[in-house]
Amino acid sequence: MNREEALAKLVGYALDKKLIAPCEKIWATNALLEVLEVDDVHLPEVESATEENLHEVLDVLVDDAFARGVLTENSIVYRDLFDTKIMGALTPRPAQVIEHFERLRKEDPQLATDWFYAFSQDTNYIRRDRIQKDVRWKTATEYGDLDITINLSKPEKDPKAIAAARNLPASAYPKCQLCAENEGYAGRVNHPARQNHRIVPITINNSPWFLQYSPYVYYNEHCICLNREHVPMKIDRACFAKLLDFVGQFPHYFVGSNADLPIVGGSILAHDHFQGGHYTFAMAKAPVETPFAFPGFSDVESGIVKWPMSVIRLRAAEPERLVELADRILMSWRGYTDEDAVIYAETDGEPHNTITPIARRRGEDYELDLVLRNNLTTPEHPLGLYHPHAELHHIKKENIGLIEVMGLAVLPARLKAELAAVGEKLVKGEDLHADPLTAPHADWAEELQSRHSITAENVEEVLKTETGLVFAKVLEHAGVYARTDAGKQAFLRFLEQV
């Protein structure tokens, strides 16, 4: 495939996906020529690019640009910046996107999100070819089927790009990767290009927000709601009201917020945002195992959920009642100390208690899950007492944010090679401790070998299952109340004093 064939395929793709109208074909071709720094072209008659081979067509154009010196570096960071610029030339203007979304939304909110999600993939903002590289499976546990993913869709930065980023002057534009100012931004070596990225305005709880999709799609229709202003994450009464208002407007989606404290929060605490989508996690399927009635809230069903973390579920017909009770629970939890349960509201003036909230519809009812969090650190557990402990770090060391809380493990890319090496050595009977790739997993692998008859045929499945069971243990470590009789009694002590 040469440059002209690739161009013709790309223009055909844009027409097929309705990114451009037939009357815009010449304009779009010329816009692409400008990006590629080509003066003339003859587009041959060829089949359009498809979702499956779009990345191959873009690779041809990027390779050609590098061969001609238009692209000065050929590493992943620079290639991403350039192919995003190419797709940006074919992406409709924000006003067109908003108008189409709002027209569909008036008909049916799900029609609007179905279209917007497909559009965000068609523009290559969500890179379908990379998402398909992620390794995914489910593991059956006592808490239900947990989702496990090894994240391979986020490209690793190369040393040249890291060095170039280090030499760049500090920039405060956009202030972060969530800010509305990312829409259409050309990017740089330390900030992704977003010419093909679009956001749509929404109003939740009478405040201006935006809706977009995550480029990494950890689950179906993984969306992000972001505050129009660059303000820090804050779990409060207004947060609960916004979450419930969102699922009132988009009843087919769930939405939740990361906690607002380090260790138990997400990776971006500086910009207020939620994550949602069209997916049912194991936590949403988990039943209430201990009903609990809050005085004055007879219209609210409530109780403790059967889940490795400490979850209070509230359900009612009126969202305002959930906001009222959730706020009361939050205010109580913020200041709650139970030394017998090693829960401290603060130490040396540093607050520790917060909540990870998740909202969804349950038929006509509204449902709110409140996950109690505490970010206390101790000499024995310097990364967090209610955080994966050291013996689990070979699988998961990172913070347990909203997505993990709900039952989806986002595991580091290193595990693909490491687990493959562990499997090979288990089958061959080789020393796991001698290889740096397998040494961190050696004790765990030897223990599971004592419980399984490992063969070349079953080793991959055994390792996947056992990795999923480690994730269940990770979530148990992150729970502030242990899954024991003493833990249950301590949990009830808190509920009774709310």
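Keep in mind that this is a model prediction, so the values were computed, not measured.

Description of the sheet that holds strand β15 (residues 408-411)
Next, step 1: The three strands lie next to each other as β1-β2-β15, forming an open sheet whose pairing is mixed. The sheet is open, and its two borders are formed by β1 (135-141) and β15, each paired with just one other strand. Direction aside, the axes of adjacent strands within the sheet are offset by 20° on average.

Some words on unusual backbone geometry
Most peptide bonds are trans, and most residues other than glycine sit at a negative phi.
Next, step 1: The amide bond that connects tyrosine 173 to the next residue, proline 174, takes the cis arrangement and shows omega of -20°.
Next, step 2: Examined against the element boundaries, proline 174 turns out to sit in the loop between α8 (159-166) and β3 (200-204).
Next, step 3: Notably, asparagine 124 is not glycine yet its phi reads approximately 70°, a positive angle.
Next, step 4: Structurally, the position occupied by asparagine 124 is in the loop between α6 (109-122) and α7 (128-131).
Next, step 5: Not every positive phi belongs to a glycine, and asparagine 206 is a case in point at roughly 65°.
Next, step 6: Residue class for asparagine 206 comes out exposed when judged on its relative accessible area of 76%.

Considerations on helix α14 (residues 442-449)
Next, step 1: All buried positions along α14 are accounted for by Ala442, Trp444, Ala445 and Leu448. Take α14 and look down its axis: the buried residues cluster within an arc of 165°, on one side only.
Next, step 2: Buried-residue contacts for α14 involve α13 (414-428) and α15 (459-478).

Let's talk about the sheet that holds strand β14 (residues 365-374)
Next, step 1: The strand order across the open sheet built from 10 strands is β3-β4-β5-β7-β6-β13-β14-β10-β9-β8, with neighbouring strands paired in antiparallel fashion. Strands with a single pairing partner mark the edges of an open sheet, and in this sheet they are β3 and β8 (288-291). With strand direction ignored, the average angle separating the axes of adjacent strands in the sheet is 30°.
Next, step 2: Bridge count between strand β6 (residues 254-256) and strand β7 (residues 273-277): three bridges; the pairing is antiparallel. The residue of β7 that forms the bridge with glycine 256 is glutamine 275.
Next, step 3: Its contacts with the sheet put helix α9 (residues 237-249) on β3, β4 (207-213), β5 (223-227), β6, β7, β13 (353-362) and β14, and the angle it makes with β13 is roughly 20°.

A closer look at the nonpolar core
Next, step 1: Ranked by internal contacts, the top residues of the largest apolar core, which has 100 residues, are Leu10, Ile86, Phe246, Ile312, Leu314 and Tyr481.
Next, step 2: Setting aside its immediate chain neighbours within four residues, tyrosine 481 contacts Ser310, Trp333, Tyr336, Ala341, Ile343, Leu372, Gly487, Ala490, Phe491 and Phe494.
Next, step 3: Ranked by size, the runner-up nonpolar core spans 49 residues in total, among them Phe281, Trp307, Ala445 and Val462.

Quick word on the pairing of β3
Next, step 1: Of the two faces of β3, only one is covered, namely that formed by Val200, Ile202 and Ile204; the face formed by Pro201 and Thr203 stays uncovered.
Next, step 2: As paired elements, β3 and β4 share five bridges and run antiparallel to each other. Bridging across to β4, valine 200 finds its partner in leucine 211.
Next, step 3: Between β3 and β4, which follow one another and run antiparallel, lie two residues, and asparagine 205 among them has a positive phi close to 50°.

A closer look at the environment of glycine 184
Next, step 1: With respect to the helices and strands, the residue glycine 184 is situated in the loop between α8 and β3.
Next, step 2: Residue glycine 184 is classed as partly exposed on the basis of its relative accessible area, which comes to 38%.
Next, step 3: Placed 169 residues apart in sequence, glycine 184 and asparagine 353 show a C-alpha to C-alpha distance of 38 Å.

Regarding the pattern of salt bridges
Next, step 1: Evaluation of the coordinates by the stated rule reveals 38 salt bridges.
Next, step 2: A salt bridge links glutamate 476 to lysine 473, with the nearest nitrogen and oxygen atoms 3.3 Å apart. Taken together, the residues span about one helical turn, with glutamate 476 and lysine 473 both in helix α15 at a distance of three residues.
Next, step 3: Lysine 473 gets classed as partly exposed once you look at its relative accessible area, which sits at 40%.
Next, step 4: Taken together, the salt bridges that share partners define one network made up of Arg313, Arg315, Arg360, Arg362, Glu367 and Asp369.

Details of the environment of valine 97
Next, step 1: If you trace the backbone, valine 97 turns up in helix α5 (residues 94-107).
Next, step 2: On the accessibility criterion, valine 97 (2% relative accessible area) is buried.
Next, step 3: Residues contacting valine 97, with those up to four places away along its chain left out, are Pro92, Trp115, Phe116, Phe119, Arg198 and Val200.

About the criteria used
- Each chain carries its own residue numbering, running from 1 in the direction its sequence is written.
- Note on the predicted model: pLDDT of at least 70 is required for a residue's local features to be given, and 80 or more for side-chain atom pairs to be given and counted; whole-chain, interface and lining totals, by contrast, use all residues.
- Values reported for side chains reflect all heavy atoms of the structure, with hydrogen atoms and water molecules removed beforehand.
- Think of it this way: DSSP has to see at least two bridges between two strands before they count as a pair.
- The helix and strand labels rest on DSSP assignments: H or I over at least four residues marks a helix, E over at least two residues marks a strand, and numbering proceeds from the N terminus.
- Angles here are taken between N-to-C directions and fall from 0 to 180 degrees, while the axes themselves are lines fitted to C-alpha atoms, restricted in helices to the stretch in contact.
- In this scheme, a residue with accessible area under 20% of its type's maximum is buried, one over 50% is exposed, and one in between is partly exposed, where area comes from a 1.4 Å probe on protein chains only.
- Arc, as used here, means the arc of the directions from the helix axis to the C-beta atoms.
- Contact definition: two residues touch when any of their heavy atoms are within 4.5 Å.
- Buried Ala, Val, Leu, Ile, Met, Phe, Trp, Tyr and Cys residues form a nonpolar core when they are joined through side-chain atoms within 4.5 Å.
- By convention in these notes, a salt bridge is any Lys or Arg side-chain nitrogen within 4 Å of a carboxyl oxygen on Asp or Glu.

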